[in-house]
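Each chain, letter by letter, is given below.
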Amino acid sequence: MRFRHPDGSTVHLAYCTNVHPAETLDGVLAQLRDHCEPVRRRLGRDRLGIGLWLAKDAAHALATDPAALRALRCALEQRGLEVVTLNGFPYQGFGAQEVKYRVYKPDWADPERLEHTAALARVLAGLLPDDVTDGSISTLPLAWRTAHDEQRARTARTALRTLAQRLDALHELTGRSLRVALEPEPGCVVETTRDAIAPLTAIGHDRIGICVDTCHLATSFEDPHTALDDLTRAGVPVVKSQLSAALHAEHPHLPEVRGALAAFAEPRFLHQTRTATAAGLRGTDDLDQALAGDALPDAGPWRSHFHVPLHAAPAPPLTSTLPVLKTALTRLVGGPHPLTHHLEVETYTWQALPPALRPRGRAQLADGIAAELTLARDLLTDLGLKELP
C-alpha cells in the first residue's frame with residue numbers, strides 16, 4: 001500500500017511474511033498464493049506491499065539463479081503484490097516448534113550473516129518495482145548480549161562496513177539504493193534506540209541505520225519522542241519502522257493479572273519482559289521467568305515482547321502498547337517530512353497466541369492481517385497522508 005505524504009513523497013506500508021514461515025522458494029511462492037493475495041483481496045486493493053522474509057535457502061536460490069528471481073518477480077506482479085523491504089532478522093527455522101534464542105544466530109560476528117544479508121540485497125534489487133529505487137532490509141541488532149565481547153564487536157562493525165561498501169557497489173551497478181537497518185530488541189547488544197547510536201556512528205555509513213520496532217520500543221519503556229529526537233541529533237537514519245504492539249500488564253502483582261499473562265507464556269518464541277523501576281529497567285529473558293516467584297519487581301507495569309494483533313488488544317486485565325505505536329507513528333510520518341518511508345506491520349505471533357485467540361485456518365488469519373492493515377491505513381490517513389491506488 002502506498003501513501004502520498006503532504007511533502008509529496010511516497011510512504012510504503014507492507015505486512016511482514018514471517019507470519020507465514022517458509023524455508024524454500026516453493027514455500028515463498030505458496031505464501032503469495034495462499035496468504036498474501038487473499039489479504040490484498042480483502043482490502044479491496046489492486047496492489048499490496050509485503051515485507052518478505054526469505055530464509056537462508058530461499059535467499060540463496062534467488063541470489064544465484066536469475067530465472068528463479070524472475071519467476072518470483074512475475075508471481076508478485078501477477079498477484080498484485082510488491083516488495084520494497086525485506087525482513088533479514090531470522091536466518092532460518094523461524095517456523096520451528098521452538099525458536100527462542102536460535103533466532104539470534106548467526107550474528108554479525110559470524111561470516112554467514114554478512115553473506116546472507118548481501119544475498120538479500122541482491123535479491124531485493126531485482127524485486128523492487130520499476131518506479132521504486134529505494135529498498136530496505138532489517139536485521140538483528142549485532143548479537144544476543146551474552147555471546148558478545150570486544151573482539152566480536154570489532155568483527156561485527158567490520159562486517160557492516162563491508163556490507164555498506166557492497167551496497168554502494170550494487171547501487172552503481174543497478175541504480176537501486178538499498179539500506180540495512182539494525183532492529184533494537186530487548187536482550188540484545190543493541191536493546192534500545194540509544195544503544196544503537198554508538199555502534200552506528202562508529203560504522204559511519206548512511207547505508208546502515210536503524211529499524212524502529214514499536215513493540216520493542218514499548219517493551220523497553222522508551223519514550224518515542226525522546227528516542228527519535230536522540231536518533232535525529234546523532235544523525236542516525238531511520239531506515240524503516242515495524243508497526244507492532246507489546247503485551248502490557250498494568251498491575252502484575254495481582255493474581256488474576258499473572259494468570260492472564262501465563263496464557264501468553266508459550267514454548268516457541270522468546271518473550272523478553274521488562275519493568276521500569278527507580279533504579280532503571282529490570283527484565284527477564286522470557287515471560288515464564290518473570291512469572292516465577294519474585295524474579296521481576298511487580299510494583300509497576302510489566303511489558304512483554306509478544307507481538308499482539310494491532311486491532312485486537314488482549315482482554316482485561318491485560319492490554320497492548322498500541323498508544324506507543326500511535327505516538328511513534330505520529331513522529332515518524334506526521335511531521336513536515338517523514339523520518340522514514342518504509343512501514344511494515346509485523347505480527348508474527350498469531351499462532352503463538354493463547355488457543356482461544358488463534359485464527360482457525362487461513363481465512364481467519366487473512367481477516368486478521370487485513371484488519372491490522374486497515375487500522376494502520378486509518379492511522380496514516382488521519383495524519384494527513386493520502387492512500388494511492
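Now for a look at the structure at hand. (Residues numbered from 1 in each chain as written. Predicted model: local features only at pLDDT ≥ 70, side-chain atom pairs only at ≥ 80, totals over all residues. Heavy atoms only, no water.)

Overview of the pairing of strand 3 (residues 48-53)
With six of six residues buried, strand 3 is to be regarded as a mostly interior element. What you see with strand 3 is no split at all: Leu-48, Ile-50 and Leu-52 on one side and Gly-49, Gly-51 and Trp-53 on the other are buried throughout. Judged from the three bridges that link them, strand 2 (residues 10-16) and strand 3 form a sheet pairing that is parallel. Looking at the pairing, Cys-16 lines up with Gly-51 of strand 3. Of the pairings in the sheet, the one linking strand 3 to strand 4 (residues 81-87) comprises five bridges and is parallel in character. By the bridge assignment, Leu-48 is partnered in strand 4 with Leu-81. (Buried < 20%, exposed > 50% of the residue type's maximum accessible area, 1.4 Å probe, protein only. Helix = DSSP H or I, 4+ residues; strand = E, 2+ residues; numbered from the N terminus. Pairing = 2+ DSSP bridges.)

Remarks on helix 3 (residues 66-78)
With 13 residues, helix 3 should reach 18 Å at 1.5 Å per residue; the first-to-last C-alpha distance of 18 Å fits that figure. Structurally, helix 3 contributes buried residues whose contacts are with helix 1 (25-43), strand 3, helix 2 (56-64), strand 4 and helix 4 (111-127). The backbone nitrogen of Ala-67 lies 3.0 Å from a side-chain oxygen of the residue at the head of helix 3, namely Asp-65. Immediately beyond the C-terminal end of helix 3, within one or two residues, lies Gly-80, with a positive phi of roughly 70 degrees. (Expected span 1.5 Å × (residues − 1). Contact = heavy atoms within 4.5 Å. Polar contact = N/O pair within 3.5 Å; in protein donor to acceptor, adjacent residues only side chain to side chain.)

Here's the deal with the packing of helix 8 (residues 224-234) against helix 11 (residues 322-333)
For the pair helix 8 and helix 11, the least separation of the axes is 9 Å and the interaxial angle reads 35 degrees. Relative to helix 11, the crossing made by helix 8 is right-handed. In contact with Pro-224, His-225, Leu-228 and Asp-229 of helix 8, helix 11 contributes Val-324, Thr-327, Ala-328, Arg-331 and Leu-332. Across the contact of helix 8 with helix 11, the residue classes tally to five nonpolar, two polar and two charged. (Axes fitted to C-alpha atoms, helices over the stretch in contact; angles between N-to-C directions. Left-handed = near helix turned anticlockwise from the far one by under 90°. Nonpolar A, V, L, I, M, F, W, Y, C, P; charged D, E, K, R; others polar.)

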